[in-house]
Structures are given as C-alpha cells and as structure tokens.
Amino acid sequence: MTSPASDGQRKLKLLAVTACPTGIAHTYMAAEKLAQAAAALGIEMKVETQGSIGVENVLDDNDVREADGIIIAADKDVALDRFAGKKVLSVPVADGIHRPEQLIEQVRSAPVHTGGHAATAGGGAAGSGSGGGGKERSAAYKALMNGVSHMIPFVVVGGLLLAVSIALGGHTTPKGIEFDKDSFWFYVNALGTLGFKLMLPIFSGYIAFALGDRPALVPGMIGGFLAYDGVTIYGADANAGFLGAIATGFLAGYLVVWIRKVKVPKFVQPIMPIIVIPIVSTLALGLFYIYVIGQPISWLFTHLTSWLNGMTGSSAIVLGALIGLMIAFDMGGPVNKTAFLVAVGLIGTNNAVMGMAAAAIPVMPLGQGLATLLRRKLYSDQERETGIAALFMGFFGISEGAIPFAAARPAQVIPANMLGGAVAGAVAGVAGVTDSVPHGGPIVSLFGAVGGAAMFFVAIAAGTAVTALTTNALIDLKGRKAARRGDVGVGVGPTVGAVSGAGAAGAGAAGAGSLVAEPVLTGVGSGARVDAGVVGESGVGSGVGSGIGSGVGSGGGSLSPAAEPSGDGAGAEGAAGATDVAGGEPEVLSGYLTGRTVKVQLASQDKEAAIREMAEMLAATGNVRDVDELVRVALAREAQGTTGLGEEIAIPHAKTDAVSSPTVGFARSAEGIEWGSLDGTRARLIFMISVPEAAAGDEHLRILALLSRKLMDPGFRGRLLEAPDTGAVLEVLREIR
C-alpha cells in the first residue's frame, strides 16, 4: 500500500473516535492500534476514547476544522454533529484493532457527513464503507435491545405497583378486580397503570432512537402509543400490542434514516433535525399506522372473534389449548385480546372458558421467571432480576411481565409461551375449571372467584414448567448452533440491561461475523460501576496452581494449604511475590496483581480448565470467597461471547460477590489455548479479572484501560512471553503506567 502520509504538499491530519459498549479493552486497543499505524505512515492523528472512565483526549473544534477525515471505530452510538462537512468513515471497533492501515487509506475517499445523527458499527452512519447484511442485522439487534433496556423499568415499576395494589386494596366484582374510588390503593393502581401505559411508547421510541437518533424519538414514541391504545386514540377495533410497538419503532427509525438522505437547500438544513424530520416522520408513520397497519389488525380481530365464538361448542381440551395459545401469543395484542374478550363475554353462560383463559394468563411471566432460576448462566444479572419481578407479576395475573423476554428473544420466547399457555388452557379445560371474574392468575383463586381451584393451580404449574423448560431449551439450542458456526459474541442469550444504547452489542455483532465481542462483565450496573458488561473491571484472583506461589502474604505469615508450593520453581516464584509485596518495588496494576497471582505456565489445555486453574491460583490472596461461583460467573460470561481479544490475548472476567475485593491474575500458556478469538490465534497471555458486585470508583477501570493499551505493543507482549519467571513477569508488567 502506498503511504498516504501527505495530501499534496500538506501533511495529512486525521482524527479518530473509538468506543465500545463496555468501554474498556476494545476502546483502548483500537485507539492504540490506530495511533501506531498513523505514526508508522507519518500521519498526524488524534484519537478520542469514549471509555468507561469517561471521554479522554477530546477532539475540539480546532481539531475538527483542520482534520482531513475522521475514523469512527465504535460499536455504540457516537454523535456525529460536530463532524458535519468532514469525511467520516464508520466501522466496528474491531476493525480499528485488526486493520488500522486500511482504515487510514479508506477514510481519504469516505463520503462527507452532512447529517447530525449518531454512528454505530451496524450501519446508519455516514461513511460506513464496509456495510453488509450482518452489520445491518447487528444495528437492528442493538436497536431492539436499546428499546428493551429502556422499557424494563416501566414494566417492573408498573407491574409491581399493580400487583401490590391488587393484593392489598382490590376486590372482585363481575367487572373484574376493582378498587374503592379515591382510596389509597386506587391511586397506587392508577400509578401502576400509568407505568404500563408508557411501557410500549418508551419501547418503540428507543428502538427508533437507536436507529435515527433524537429526531426519531418522537415518531417512535407516538407510534408506540398507537400500538398500545389505538382503540382509545382513533377508535381501532384492537390494539397491536408489543409486536406493533416493535414495528413502529423500526419503521420510525428507518424512516428518519431515509429522510436524512434527502438533499435539501442549505438554509433548511439547520431546522431539519428539530422541526422538519420529526414532523414529517410523525405524520407519515401515524397515518400509515392508522390507515395501513390498523386495517389488517381490525380485520384480524373481527375474524378471530367470530371464529373463536364458533369454537365454544368444541371439545374442552381443543378449546382450552386454542385459548391458551392465543392468550400467550402477543400479550395485549389483537390475538390475546380476542381470546380474552371472548372468554369475558361468556362468563355469564359458560365461565369455564374464562377458567381456561385465567389459567393461561400468568403462565408467560411465571414461565420466564422460572426459566431464569433454572438456568441462571443463560441470563444476565438484569434478566435474572427482571425474572424475579416477572414471577411476582405472574402471581397477580399481569402477563406483561414477560414482554421484555419476548421482545429480546421473540424466536425462542414466544413459541415457548404459546406451548405453555396451550398446556395450561387444555388442562384447565379438561378439569372443568371456572372463573367468575375477568382476570387471571393465582390471585383470583385467593379471592374465591375460581371453581376447581386445585386443578387451576395444577394447570398453571404445568404451563409454567413447560414454558420455562422450552425457553431454556430453545435458547441453549441457539447458542449451540452459533458455536458450531463459529460465531463470536452470540451467546446463549443477550444482556438486556446491558444494553443501554445497547448494551447488547455483543450478541448482535457476532451475527455480522466481523465484530469482536467486547468482553463483558456479567451483571454490571451503571454509572461508576460500568454498564452491563464492562470488560476490565478490576481483577480477580484466587488460588495457587502448580508452579506458582509460595503463599507469602503481605505480612509474611505461615503458608496456608492452598498456598503451599507444588514444585516447578515454587520457591523462586514465591520469593518474587514477596519482594513485590514487601520489598519496596513499585506495585503492579495498583497492587491488584502480585506474585501470588502470576503463573508462568498453565497446566490446562482448554478454556474451562484454564479459568478454573486461574481461579484456584488466585484464591491464595484471600480475596475469593467461593471459587466455584467465581468460575461459574466467568464461564457464563464466556457463554455470552468470547473474551479472547486476538493477538494471543484473553481476558476472562467476572463481577461477583464471590470475591471480596478487586484482584487481577496473569498466566501464560506455551502452546496456547483455544479461546475463540476472531483472528484465530490461541491465547498465550491470559489476564483473569474479578470484582465484587459493590465495587465502586474508576481506579481499577483506569488501570485496565492502560493494560489494554499496553497489550497492543508487540514488544511488550514479546517481553511478557519471554520472561523466565514470576519476578521477570512482574518487572515487565511494571512498564504499565
């Protein structure tokens, strides 16, 4: 490749922004690689990093004015307003790591950015010069996860307020569960109802926002309101429910993206994002929904109602299965409402149909909540927390508790819900269960509205179990298929809350085949603790393995059994550890890594064994309360997407209360261990990181950002590989400043 060091007689000046959903390893590795490549080509480059410790090396107005092009290497939204009029190339953060020279060449011919929207790796940004079907799927997936993550608080708060008000202030009537007007619980219920009313608009709005940025938020939210309550807003026969909200979110987002491409006079450009685009897109989407989408929904509702009414004389098992299937399908959509309203209409003449519906109504949230308890490793911490809330909502017959799960994994969750609903409805139908109020769930039995209560609970339990087992089986099957295809980052399940703008980048990216899954800590919170998924939370450590550790503590006390040397130079390595702790040498990684958490040669030959060996090694620090739990969390993270970063590096990690304080361990493998890295290299340099759930502050994130940068230096990696013993390894690691 010819050097692009100069553009005419003037030295080329480029800018770059690197960012990833978690903001540690890939953010800084890409920045380092781009800077190295630019320096080698004689190009002036400034790189802004948007990591978990904040934005560093910020690009100011002067930088942008003088720049010849901007490279956006990011797997999260990056605002592009400041780059209007400049050549912008948007690519996944992995491209910044693996092909920086090509990006520097490509940015010279990148399109000029004219809009103000955000860039993501998946497409939608100006100048994405490497789009493809996989990346578009990644952008859509991240948009869906963005909607889910913003919707979850409304589901949980609204659902729990409704459940508490029903339990403590509700009473059954022929119209359902009602409240004394103007009572305390009447207002609590009203607040819960308001939370649910905002749920689908928020969901739809933030799907649109992830695709089209702020101008798409208004049409997305208004479309979500139409999906939630078209009956009230414009007199529709039925509401579209959460499936309709998904449709309006994507329609609004892509509509805004399309409108942005329309060439307009310069004097109109300033008002495009704040007036023209929101108004045009809102009108277009709203009218399209009312006149186009709403018509088939009304037709479906009308014909399903007639058909189902005609089925009421058929066998109880067939009718029960049909009612259950329909109740479970779209949770508030036209199919669900058809079954529910038919059942309600028959309470006076055949309340066994309402009994079938009442048994199916709680199955979805109860089943999804149970699924998170049965196979915890398939779910992120936020999903597990949402699962607990779903169990609570299911008890009170609030089926919306399952919507976040169905929205995140429709292909796995909806079929499982329908199968469980059919089982519950069929069992209730065969058993002759009746319900005299238009509500469902175990709560109606406690109010004395159910006939055949024992079989009512059997029906719910059977449907719940089928839903949970089927959901987990389908999620596991998806993960296994992805593993056989060699996909990276598509784990057995996405990290919903992780997704803030998407936290969910990892799973979607993998489908593209070109995005490296960012190492993600399972169940990380937000703010200083870092969004779900931050890589580099501080370290882990535990245990001692063959060839390491003398067990020397900071006070030099007696050896514990776990820390006793087992040969292979244990004495020398232990001495090195003692020197590091007590001999006045500079700390390594702020003391998170010591001689006791270094192993010059792993005995393990595969990833799972290596993680366990390192966890057992690190336990000698006394910072690990439960080695098995630490290993479980680390392996759960691996199931979501490999932590192999390429360049013969892996950073397995976990955020768990199995450790009491941040700890980092380092180990080498002479032969290398297959870690699933996209560049095909086997991991020879392995850093294991763990932090407790309550870890706060940014110091460990700063240290790990430095580590990520340093690992991009081939000389540093070479010195780590060649260091003969623990003392020499620590000496090399002290280069990290």
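Since the model is a prediction, treat every value here as computed from it, not as a measurement.

1. Digging into the overall build of the protein
Along the protein, the regular secondary structure elements total 25 helices and 19 strands. In the protein, 72% of the contacts between residues at least 6 apart in sequence involve partners at least 24 apart.

2. With respect to the packing of helix 13 (residues 363–374) against helix 14 (residues 381–395)
Helix-helix packing: each pair is described by the crossing angle between the helix axes and the interaxial distance. Where helix 13 meets helix 14, the closest approach of the two axes is 7 Å, and the angle between their N-to-C directions is 145 degrees. Pair helix 13 / helix 14 crosses with left-handed handedness. Contact residues: helix 13 offers P365, L366, G369, L370, T372 and L373, while helix 14 offers E383, R384, G387, I388, A390, L391, G394 and F395. Of the residues that constitute the contact of helix 13 with helix 14, the class distribution is eight nonpolar, four polar and two charged.

3. Describing the nonpolar core
In terms of nonpolar packing, the biggest core is built from 83 residues, with F203, F242, F250, I323, I327 and F456 touching the most fellow members. Top contributing element to this core by residue count: helix 5 (residues 133–169), with twelve residues. Those residues in contact with F203 that lie beyond four places of it in its chain are L144, G147, V148, M151, F242, A245, I246 and A407. Formed by 30 residues, the second largest nonpolar core is a distinct cluster that contains V93, I649, F666 and F687.

4. Here we look at unusual backbone geometry
Most peptide bonds take the trans form, and the phi angle of most residues other than glycine is negative. Within the chain, N57 stands out as a residue other than glycine whose phi angle is a positive 55 degrees. Considering the arrangement of structural elements, one finds N57 in the loop between strand 5 (54–56) and helix 2 (61–66). Not every positive phi belongs to a glycine, and D213 is a case in point at roughly 65 degrees. Checked against the element boundaries, D213 lands in the loop between helix 6 (184–212) and helix 7 (217–234).

5. Some details on the pairing of strand 4 (residues 44–51)
Most of strand 4 sits inside the fold, with six of its eight residues counted as buried. As defined by bridge partners, strand 3 (residues 13–19) adjoins strand 4 across seven bridges and the pair is classed as parallel. Across the sheet, residue T18 finds its bridge partner in strand 4, namely T49.

6. A look at the pattern of salt bridges
In this structure the tally under the stated criterion is 17 salt bridges. With its nearest N and O atoms 3.3 Å apart, the salt bridge here joins E647 to K33. One end of the pair, E647, is in the loop between strand 15 (644–646) and strand 16 (649–650); the other, K33, is in helix 1 (residues 25–40), and 614 residues separate them in sequence. Each of the two residues, E647 as well as K33, counts as buried. Salt bridges sharing common partners tie together K13, K46, D63 and E66.

7. Digging into the side chain of D435
Relative to the helices and strands, D435 is located in strand 12 (residues 434–435). At a separation of 3.2 Å, a polar atom in the side chain of D435 contacts the main-chain amide nitrogen of V437. Beyond its immediate sequence surroundings of up to four residues, D435 is in contact with I347, N351, M354, G355, A358, V444, A449 and V450.

8. Brief notes about the confidence of the model for the protein
Within the protein, residue pLDDT values average 77, and 78% of them lie at 70 or more. By mean pLDDT, helix 19 (residues 505–512) is the weakest element of the protein at 34, and helix 13 is the strongest at 94. Note that pLDDT drops below 50 for residues 121–137; the model gives that stretch 46 contacts with residues more than four away or on any other chain.

9. Side note on helix 21 (residues 607–618)
The end-to-end C-alpha distance of helix 21 is 16 Å, a good match for the 16 Å that twelve residues give at a rise of 1.5 Å each. A side-chain oxygen of the first residue of helix 21 lies 3.2 Å from the backbone nitrogen of E608; this N-cap is D606.

10. Considering helix 25 (residues 726–733)
Listed as buried for helix 25 are T726, V729, L730, V732 and L733. The arc that holds every buried residue of helix 25, seen down its axis, measures 160 degrees, which confines them to one face.

11. Focus: the side chain of T663
Note on placement: T663 falls in strand 18 (residues 663–673). Given a relative accessible area of 2%, T663 falls into the buried group.

12. Some points on the pairing of strand 6 (residues 69–74)
Where burial is concerned, most of strand 6 is hidden: six out of the six residues are buried. The alternating pattern of strand 6 places G69, I71 and A73 on one face and I70, I72 and A74 on the opposite face, and all of these are buried. Pairing analysis gives six bridges linking strand 3 to strand 6, with the strands arranged parallel. Paired with A19 across the bridge in strand 6 is A74. As paired elements, strand 6 and strand 8 (residues 88–91) share four bridges and run parallel to each other. Each bridged residue has a counterpart across the sheet, and for A73 the counterpart in strand 8 is V91.

13. Concerning a nonpolar patch on the surface
A surface patch of nonpolar side chains, about 950 Å² in accessible area, is lined by L251, I271, I274, I275, I279, L283, L287, F288, Y291 and V292. In terms of residue count, the dominant contributor to the nonpolar patch is helix 9 (residues 272–311) (eight residues). Looking at the element boundaries, F288 is found in helix 9. Take F288: its relative accessible area is 37%, and that puts it in the partly exposed class.

14. Here we look at the packing of aromatic side chains
On inspection of all chains with the given rule, the structure shows nine aromatic pairs. On the basis of an interplanar angle of 90 degrees and a centroid distance of 6.4 Å, the ring pair of Y234 and Y289 is categorised as edge-to-face. Remark: Y289 occurs in helix 9 and Y234 occurs in helix 7; sequence separation between them is 55 residues. Residue Y234 is classed as partly exposed on the basis of its relative accessible area, which comes to 26%. Exposure remark for Y289: the relative accessible area of 1% places this residue in the buried category. Centre to centre, the rings of F456 and F457 are 5.8 Å apart; their planes meet at 70 degrees, and the pair counts as edge-to-face. Judged by relative accessible area, F456 falls into the buried class, the value being 0%. Taken together, the aromatic side chains of F392, F395 and F396 make up a single cluster linked through ring pairs.

15. Focus on the environment of D606
Note that D606 resides in the loop between strand 14 (598–599) and helix 21. Overall, D606 belongs to the partly exposed group, its relative accessible area being 39%. Taking the C-alpha atoms as reference, D606 lies 9.1 Å from G672; in sequence the two are 66 residues apart. A distance of 2.9 Å separates the side chain of D606 from the backbone nitrogen of A609, its partner in a polar contact.

Basis of the calculations
Residues numbered from 1 in each chain as written. Predicted model: local features only at pLDDT ≥ 70, side-chain atom pairs only at ≥ 80, totals over all residues. Heavy atoms only, no water. Helix = DSSP H or I, 4+ residues; strand = E, 2+ residues; numbered from the N terminus. Contact = heavy atoms within 4.5 Å. Axes fitted to C-alpha atoms, helices over the stretch in contact; angles between N-to-C directions. Left-handed = near helix turned anticlockwise from the far one by under 90°. Nonpolar A, V, L, I, M, F, W, Y, C, P; charged D, E, K, R; others polar. Core = buried A, V, L, I, M, F, W, Y, C linked by side-chain atoms within 4.5 Å. Buried < 20%, exposed > 50% of the residue type's maximum accessible area, 1.4 Å probe, protein only. Pairing = 2+ DSSP bridges. Salt bridge = Lys/Arg side-chain N within 4 Å of Asp/Glu carboxyl O. Polar contact = N/O pair within 3.5 Å; in protein donor to acceptor, adjacent residues only side chain to side chain. pLDDT = per-residue confidence, 0-100. Expected span 1.5 Å × (residues − 1). Arc of directions from axis to C-beta. Patch = residues over 30% accessible without salt bridge, like charges linked within 9 Å, V, L, I, M, F, W, Y side chains within 5 Å. Areas by Shrake-Rupley, 256 points an atom, 1.4 Å probe, with all protein chains shown as cover. Phe/Tyr/Trp six-rings, centres within 6.5 Å; stacked < 30°, edge-to-face > 60°.

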